[in-house]
Amino acid sequence: MEPTQVRPANPQHSDTLPHTSENYRTATIRTPAIRVEKYGNWEIEYEFTPAAGDHGNLLVVFSSVGSKYGFGAALSGVQCNVLRIRDRFDGGPSYYVARAMDFSVSDAVEELITHYREKLGLARETVVLAGSSKGGSAAIFYALKYGYRHIVASTPQYFIGSYSQGHGVLGEWVLGEGQPQENVDRLDSVLPELLAETTDLDRNIYLFSSTKDYQYEEHVVHFLPALRKYSNFNFFMVESPALVKHAEVTRHGLSVILSVIYALTEGTVPRFGEVQVGSNEVDDDAAAEHLSDLRARDTAAGVLTAAQLTPERATLSGHAFLPASPPRRARRPARARPSSWCWSATSRRGWPTRRPCRWTSCT
């Protein structure tokens, strides 16, 4: 029996067939676009990621010192439109407030935010401002100056002039040549004046800090009297025995920070009040047992914090705890090591101990 051939009812040549529809999954992949465009007097570099599906709202992110775009890859799960603005104006930072005391920077940034908000057809009430450290100060500044209602600020600075003065990354870029004290005083007054002048207290504010952060006493406590007057003020005190540095507060509280951002960008406004995240409790016996075990094993422990790779060399930086022996009376030449680990150690009462040290290794 010959095989049956099925023919179309209305045969057409292949070149007359309609084009196939674009694959939905391919068409809806969210690809961040980095652009440099001029708004006002300034060229602004930013990254924009469109919303997934029918998710609306707009998240605007300001960066911390040393960060190109705020929160790194942590915001990949946010489903709304995301606008991350780099703090780089004419080659240097501005705190998003003033570049060498030129305050037109903030109007240019607001013009960029407004452009995207209007392009997306969004009301000002659907915009969420977020940032950490310098970016947290910027989030509060823009909310108060331009009338935004949702603010997520982690470890912000209150006196932005004093913080900038002598700061290698900020310094003259923000305060101008010579960093005169009058400029420091002017910038120090920016946030206090806005907080004193603002009468619209119907805002949702989420502030994160820690008593382990030296900036809590120097900056954050000064925000509290004014911010506690707002209708929905939430204060998260992040605590942990592991917290040592300012930047670690945001990393340690990141899961809660993200949960707030997720809720706000989906149109849900949470109310927490003033709460503690984590705990400062330490099990001294367990800690002593763990350290004793480390000493007995005579092994090194290290934390890698940065890596620079080239075709010829890998440069690793971080902190390490290395075993040591009690110092000898006679100085002996150091033995050669297979790699150039930079290390130090001390001993006390004849017991080998470890202390944090900076190290670099090149292979």
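Residues numbered from 1 in each chain as written. Predicted model: local features only at pLDDT ≥ 70, side-chain atom pairs only at ≥ 80, totals over all residues. Heavy atoms only, no water.

A. Fine view of the environment of Ser-259. Mapped onto the secondary structure, Ser-259 falls in helix α10 (residues 254-265). Separated by 181 residues in sequence, Ser-259 and Val-78 have C-alpha atoms that sit 9.9 Å apart. (Helix = DSSP H or I, 4+ residues; strand = E, 2+ residues; numbered from the N terminus.)

B. Here's a closer look at the side chain of Ser-137. By the secondary structure assignment, Ser-137 is in helix α3 (residues 134-146). Given a relative accessible area of 2%, Ser-137 falls into the buried group. Excluding residues that lie within four positions of it along the chain, Ser-137 makes contacts with Tyr-95, Pro-156, Gln-157, Ile-160 and Leu-191. (Buried < 20%, exposed > 50% of the residue type's maximum accessible area, 1.4 Å probe, protein only. Contact = heavy atoms within 4.5 Å.)

C. Here's a closer look at the packing of α3 against helix α7 (residues 190-197). In the contact formed by α3 and α7, the axes pass within 10 Å of each other and the chain directions differ by 40°. With respect to α7, the axis of α3 lies oblique. In this structure, the crossing between α3 and α7 has a hand that is left-handed. Side by side, α3 and α7 meet where Ser-137, Ile-140, Phe-141, Leu-144 and Lys-145 of the first sit next to Val-190, Leu-191, Leu-194 and Leu-195 of the second. Its residues placed into classes, the contact of α3 with α7 shows seven nonpolar, one polar and one charged. (Axes fitted to C-alpha atoms, helices over the stretch in contact; angles between N-to-C directions. Parallel < 35°, antiparallel > 145°, perpendicular 65-115°, else oblique. Left-handed = near helix turned anticlockwise from the far one by under 90°. Nonpolar A, V, L, I, M, F, W, Y, C, P; charged D, E, K, R; others polar.)

D. Spatial organisation of the packing of aromatic side chains. In the structure shown here, the tally under the stated rule is 13 aromatic pairs. The interplanar angle of 75° and the centroid separation of 4.9 Å between the aromatic rings of Phe-62 and Tyr-96 together place this pair among those described as edge-to-face. One end of the pair, Phe-62, is in strand β3 (residues 58-62); the other, Tyr-96, is in the loop between β4 (81-85) and α2 (104-119), and 34 residues separate them in sequence. Just as Phe-62 is buried, Tyr-96 falls in that class too. (Phe/Tyr/Trp six-rings, centres within 6.5 Å; stacked < 30°, edge-to-face > 60°.)

E. Spotlight on the pattern of salt bridges. Under the defined criterion, the tally for this structure stands at nine salt bridges. One salt bridge in this structure joins Lys-134 and Asp-87, with 2.9 Å as the shortest N-O distance. Taken together, the positions of Lys-134 in helix α3 and Asp-87 in the loop between β4 and α2 put the pair 47 residues apart, joining distant regions of the chain. As far as burial versus exposure is concerned, Lys-134 and Asp-87 are alike and both buried. Where salt bridges share partners, they join Glu-45, Lys-68 and Arg-86 into one cluster. (Salt bridge = Lys/Arg side-chain N within 4 Å of Asp/Glu carboxyl O.)

F. Region of the structure containing unusual backbone geometry. For Asn-57, which is not glycine, the phi dihedral falls at a positive 70°. The residue Asn-57 is located in the loop between β2 (42-49) and β3 in this model.

G. The arrangement of the nonpolar core in detail. In terms of nonpolar packing, the biggest core is built from 60 residues, with Phe-62, Leu-83 and Ile-85 touching the most fellow members. Element by element, the count of residues in this core is highest for α3, at eight residues. Those residues in contact with Leu-83 that sit more than four places away from it in its chain are Tyr-46, Glu-47, Phe-48, Leu-58, Leu-59, Val-60, Val-61, Leu-112, Ile-113 and Tyr-116. Of all hydrophobic cores here, the second largest spans 23 residues; its members include Phe-208, Val-256, Ile-257 and Ile-261. (Core = buried A, V, L, I, M, F, W, Y, C linked by side-chain atoms within 4.5 Å.)

H. Focus on helix α6 (residues 181-188). Every buried residue of α6 is listed here: Asn-183, Val-184, Leu-187 and Asp-188. Taken around the axis of α6, the buried residues stretch over an arc of 135°, which confines them to a single face. Packing partners of the buried residues in α6 comprise α4 (160-164), α5 (171-175) and α7. (Arc of directions from axis to C-beta.)

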